[in-house]
Amino acid sequence: MKTDDEIRKDVMQEIRWDPQLTNIAPQIGVTVKNEVVTLSGIVDYYAQKLAAENAAQRVSGVKVVATDIEVKGVKESQLKTDAQIGEAIRNALTWHSAVNEDLIHIKVDDGWVYLEGTVDWDYERKAAETAVENIIGVKGVLNKIKIKNIPVETKEVKKRITAAFHRQATVDSSNISVEVDGAVVTLTGKVRTWQERKDAEKVAWSMPGVAEVKNNLLIDSQIYAL
């Protein structure tokens, strides 16, 4: 098992290793306590904040990542009004093949983007958020887009999600429990890495009719150590 100091060093190295963060790595602070990583500092773009968070999640031994990074370091020449940011987002969604921009409502307040609306699939909801991440001037995204409510058979949903876990090479279904209550899927158990946790959630969202996924999976890199 890694010590907090070892995790901290690995997270810092992973941030330096990421091409998107190499030049700004000194601006990002890393602290670790009881395998909980806290990132701090100031970056130029929202995409850099996400990249730092993803870098920390890739490190083995990390159980939780708290991100206190601020996005406000853009150059004066790059400052955008909320109206300009909103227009850029609308254009990005218009040209995105996985998003029906007519279903998405956008609000921008002091650089913070609020996405609302209703779509058929989770991948459409995530695609809309991803399209916003690299827009200059965006400080953060609150994705409130909902999934259309489709009547589903609870037993069938659980059966198909469990079967999908068995097919996935990156997900060990033996340590994951699936509970379905209407359109809500709850995942509990333990996984080895953040990536496995994300992959398991992605599988659950891929089932038609799922409107919410409660991911209660815990990171435990030691579950196969015995």
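Relevant structure appears above.
For the structure given in this document, a descriptive report is provided here. (Residues numbered from 1 in each chain as written. Predicted model: local features only at pLDDT ≥ 70, side-chain atom pairs only at ≥ 80, totals over all residues. Heavy atoms only, no water.)

1. Looking at helix α3 (residues 82-94)
Stage number 1. Its 13 residues give α3 an end-to-end C-alpha distance of 18 Å, which sits within 8% of 18 Å, the value for a rise of 1.5 Å per residue.
Stage number 2. Looking only at α3, the buried set comprises Ile85, Gly86, Ile89 and Leu93. Taken down its axis, α3 places every buried residue within 100° of arc, on the same side. In α3, the exposed positions that point more than 90 degrees away from the buried face belong to Ala83 and Glu87.
Stage number 3. Buried residues belonging to α3 abut β4 (104-109), β5 (112-119) and α4 (122-133). (Helix = DSSP H or I, 4+ residues; strand = E, 2+ residues; numbered from the N terminus. Expected span 1.5 Å × (residues − 1). Buried < 20%, exposed > 50% of the residue type's maximum accessible area, 1.4 Å probe, protein only. Arc of directions from axis to C-beta. Contact = heavy atoms within 4.5 Å.)

2. Digging into the packing of aromatic side chains
Stage number 1. Going through the model one piece at a time under the given rule, you end up with zero aromatic pairs.
Stage number 2. Its end group placed over the ring of Tyr114, Lys107 keeps NZ or CZ at 4.8 Å from the ring centre.
Stage number 3. One Lys or Arg, Arg125, reaches over the ring of Trp205 and ends 4.9 Å from the middle of that ring. (Phe/Tyr/Trp six-rings, centres within 6.5 Å; stacked < 30°, edge-to-face > 60°. Lys NZ or Arg CZ within 6 Å of the ring centre and 35° of its normal.)

3. Describing the sheet that holds strand β3 (residues 64-71)
Stage number 1. An order of β1-β2-β3 is seen for the three strands of this open sheet, with the pairing classed as mixed. Each having just a single partner strand, β1 (28-33) and β3 make up the two edges of the open sheet. The sheet shows a mean angle of 10° between the axes of neighbouring strands, direction not considered.
Stage number 2. Where β1 and strand β2 (residues 36-43) come together, six bridges link them in antiparallel fashion. Bridge pairing links Thr31 to Thr38 in β2.
Stage number 3. Here helix α1 (residues 4-17) sits on the sheet and contacts β1 and β2; the angle it forms with β1, its principal contact strand, is near 155°. (Pairing = 2+ DSSP bridges. Axes fitted to C-alpha atoms, helices over the stretch in contact; angles between N-to-C directions.)

4. Let's talk about the packing of helix α5 (residues 154-167) against helix α6 (residues 194-205)
Stage number 1. Between α5 and α6, whose axes approach to 9 Å, the crossing angle comes to 140°. Taken as axis vectors, α5 and α6 run oblique relative to one another. For the pair α5 and α6, the sense of crossing is right-handed. Side by side, α5 and α6 meet where Ile161, Ala164 and Phe165 of the first sit next to Ala200, Val203 and Ala204 of the second.
Stage number 2. Within the contact of α5 with α6, the residues separate by chemical class into six nonpolar, no polar and no charged. (Parallel < 35°, antiparallel > 145°, perpendicular 65-115°, else oblique. Left-handed = near helix turned anticlockwise from the far one by under 90°. Nonpolar A, V, L, I, M, F, W, Y, C, P; charged D, E, K, R; others polar.)

5. Quick word on the pairing of strand β10 (residues 212-219)
Stage number 1. Burial along β10 is one-sided: the face carrying Val213, Asn215, Leu217 and Ile219 is buried and the face carrying Glu212, Lys214, Asn216 and Leu218 is not.
Stage number 2. Sheet topology note: the strand β9 (residues 184-191)/β10 ladder contains eight bridges and is parallel. Paired with Thr186 across the bridge in β10 is Lys214.
Stage number 3. Considered for its hand, the β-α-β crossover made up of β9, α6 and β10 is right-handed. (Right-handed = clockwise from strand over helix to strand, strands pointing away.)

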